[in-house]
Amino acid sequence: EAATLRNTFKDDFLIGTAMNTPQIEQRDTKAAALIPKQFDAVTPENIMKAEEIHPQWGTYNFGLADKLVAYATANNIRVNAHTLIWHSQLPAYVRRLQSADSVRQFFTEHINTLASRYDGKVYSWDVVNEALNEDGTLRKSIFLQKLGDDYIVDAFRLAQQAAPHTQLYYNDYNIEQPKKRAGAVAVVQKIQAAGVRIDGIGIQGHWRAGHVPFDEIEKSIVEFGALGIKVMFTELDLSVLPNPLNGNTADVNQTAAYNAQYNPFAAGLPDSMQQQLASDYEQLFKLFLKHKDKIGRVTFWGVNDGQSWLNNWPVRGRTNYPLLFDRQFAPKLAYYKVIESK
Ligand code: XIL
């Protein structure tokens, strides 16, 4: 039997992918055939975010989430549900709420409804997503502003009560960086000090080929692991393109000329960059294997390069190559290097 990601790492950690809407709807038949061979974990890329699953207060679109659970169950794949409390992809009716009481009511109903419905059906929840600023302080989201500093503990407490059989995680990007990492440690410790359950932390892992912060990643695995929780890499992809907006996502609609300037690999990825991507992925997986006792899951943020959000973020219309499968679903050099890292 040919080596796959799933069977190569089966004794080490779960191997996951994000699933986009056409994949969950089973319209992407190539992905549907590939995923169960290569992956034993999936995260819905968008369909369980508040704006999609809870578009009007009290009206839920459970259909696609239920479909995802059925597909995963049939293929012996675990679902990481993503995500309960996040400042982004929030429906407009939530962003318009003024009073603390109304925000509290939404917060409680949203967590209770989703966490209880999928308890025992999903393996884990990203309970809170991206609550930290780069300096480690709490982001001034509507939840912080209306509910105060304890909202993260409150979210985990509600999730624990509603989903006693589900793993509960905090998820964020750049938390391998020292200041933000210290903030994440403080978040975890505060939850634990309140006697509330947190099972793991998700490091998103949106990095850039040639600039992967290996040392900080290793320190983070050790430091988070020492808190007695599992470490997950939850949205792994390695962009081959620079970030022209330097993290400022305010204006993603750029001119065609601007996009061309920042779309240098439209005609294909040069061999040197293919090698760089492969060696970065190989080194990352060697690091993951070295610390496999602390790592619960490594999830890629998409199946193939054509399906990656990084073609459209932080500017639209670029041609990126951040994943292990090319646009035809063929394994890239990076795929083979990941398999060989074992
Ligand atoms: C992204 C999706 O990939 C896109 O399709 C969507 O338009 C925006 O969100 N951090 C997260 C993910 O936690 O939910 C984001 O996913 C990427 C950044």
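Model, not experiment: these values are computed from the prediction. (Residues numbered from 1 in each chain as written. Predicted model: local features only at pLDDT ≥ 70, side-chain atom pairs only at ≥ 80, totals over all residues.)

## A closer look at the overall build of the protein chain
If you tally the helices and strands in the protein chain, you get 14 helices and 9 strands. Taken against the 2.2 N^0.38 rule, which gives 20 Å for 342 residues, the C-alpha radius of gyration of the protein chain at 19 Å falls within 12% of a compact globule. Principal-axis analysis of the C-alpha atoms places the extent of the protein chain at approximately 55 × 50 × 40 Å. In the protein chain, once contacts between residues fewer than 6 apart in sequence are set aside, the share between residues at least 24 apart is 78%. (Helix = DSSP H or I, 4+ residues; strand = E, 2+ residues; numbered from the N terminus. Rg over C-alpha atoms; globule rule 2.2 N^0.38 Å. Contact = placed C-beta atoms within 7 Å.)

## Quick look at unusual backbone geometry
Here the amide bond leading from His82 into Thr83 is cis, since omega sits at 0 degrees, within 30 degrees of zero. Mapped onto the fold, Thr83 is located in strand β3 (residues 78-85). At the junction of Trp313 and Pro314, the peptide bond is cis and its omega measures out at 5 degrees in the coordinates. Of note, Gln26 is a non-glycine position whose phi angle comes to about 65 degrees, a positive value. A positive phi angle, near 55 degrees, is found at Glu130, a position not held by glycine. On the secondary structure map, Glu130 appears in the loop between β4 (124-129) and α8 (142-147). With 20 C-beta atoms counted inside 10 Å, the residue Glu130 sits in the buried group. (Buried ≥ 20, exposed ≤ 12 C-beta atoms within 10 Å, placed from the backbone.)

## Quick look at the UniProt feature "active site" (unreviewed entry) in the protein chain
With numbering matched to this structure, UniProt assigns "active site" (unreviewed entry) to Glu235. Structurally, the position occupied by Glu235 is in strand β8 (residues 230-239). Glu235 has contacts with Gln204, Gly205, His206, Thr299 and Trp301, leaving out every residue within four places of it along the chain. (UniProt positions renumbered as here; feature names shortened; annotations may be inferred.)

## Thoughts on helix α9 (residues 151-162)
With 12 residues, α9 ought to run about 16 Å at 1.5 Å a step, and its terminal C-alpha atoms sit 16 Å apart, in line with that. Looking only at α9, the buried set comprises Tyr151, Ile152, Asp154, Ala155, Phe156, Leu158, Ala159 and Ala162. As for α9, its buried residues are in contact with β3, α7 (100-117), β4, α8, β5 (167-172) and α10 (178-193). (Expected span 1.5 Å × (residues − 1).)

## Regarding the nonpolar core
Grouped together as the largest cluster of nonpolar side chains are 91 residues, with contacts concentrated most on Leu84, Trp125, Val127, Ala155 and Ala159. Ranked by the residues each element gives to this core, the list is headed by α9, at 7 residues. Setting aside residues up to four positions removed in sequence, Ala155 forms contacts with Leu84, Ile85, Ile111, Val127 and Val128. (Core = buried A, V, L, I, M, F, W, Y, C linked by C-beta atoms within 7 Å.)

## Notes on the packing of α7 against α9
Closest axis-to-axis distance for the α7/α9 pair is 8 Å, and the angle between their directions is 35 degrees. Helix-helix and strand crossings are classified by hand; for α7 and α9 the assignment is right-handed. In this structure, α7 contributes Thr108, Ile111, Asn112, Ala115 and Ser116 to the contact, and α9 contributes Ala155, Leu158, Ala159 and Ala162. (Axes fitted to C-alpha atoms, helices over the stretch in contact; angles between N-to-C directions. Left-handed = near helix turned anticlockwise from the far one by under 90°.)

## A short note on the environment of Arg6
Among the secondary structure elements, Arg6 is positioned in helix α1 (residues 5-8). The exposure class of Arg6 is partly exposed, given the 19 C-beta atoms found within 10 Å. The sequence separation of Arg6 and Gln38 amounts to 32 residues, and the corresponding C-alpha distance is 4.8 Å. Residues contacting Arg6, with those up to four places away along its chain left out, are Ile15, Lys37, Gln38, Phe39 and Asp40.

## What to know about the pairing of β4
Most of β4 sits out of view: 6 of its 6 residues are buried. Across 4 bridges, the pairing between β3 and β4 is parallel. Across the sheet, Ala81 pairs through a bridge with Trp125, a residue of β4. Where β4 meets β5, 5 bridges bridge the pair, whose relative direction is parallel. Pairing of Trp125 across the sheet is with Leu168, part of β5. (Pairing = 2+ DSSP bridges.)

## Points about the pairing of β3
Where burial is concerned, most of β3 is hidden: 7 out of the 8 residues are buried. Summarising the sheet, strand β2 (residues 41-44) and β3 pair through 2 bridges and their orientation is parallel. Looking at β3, one finds that Val42 is bridged to Val79.

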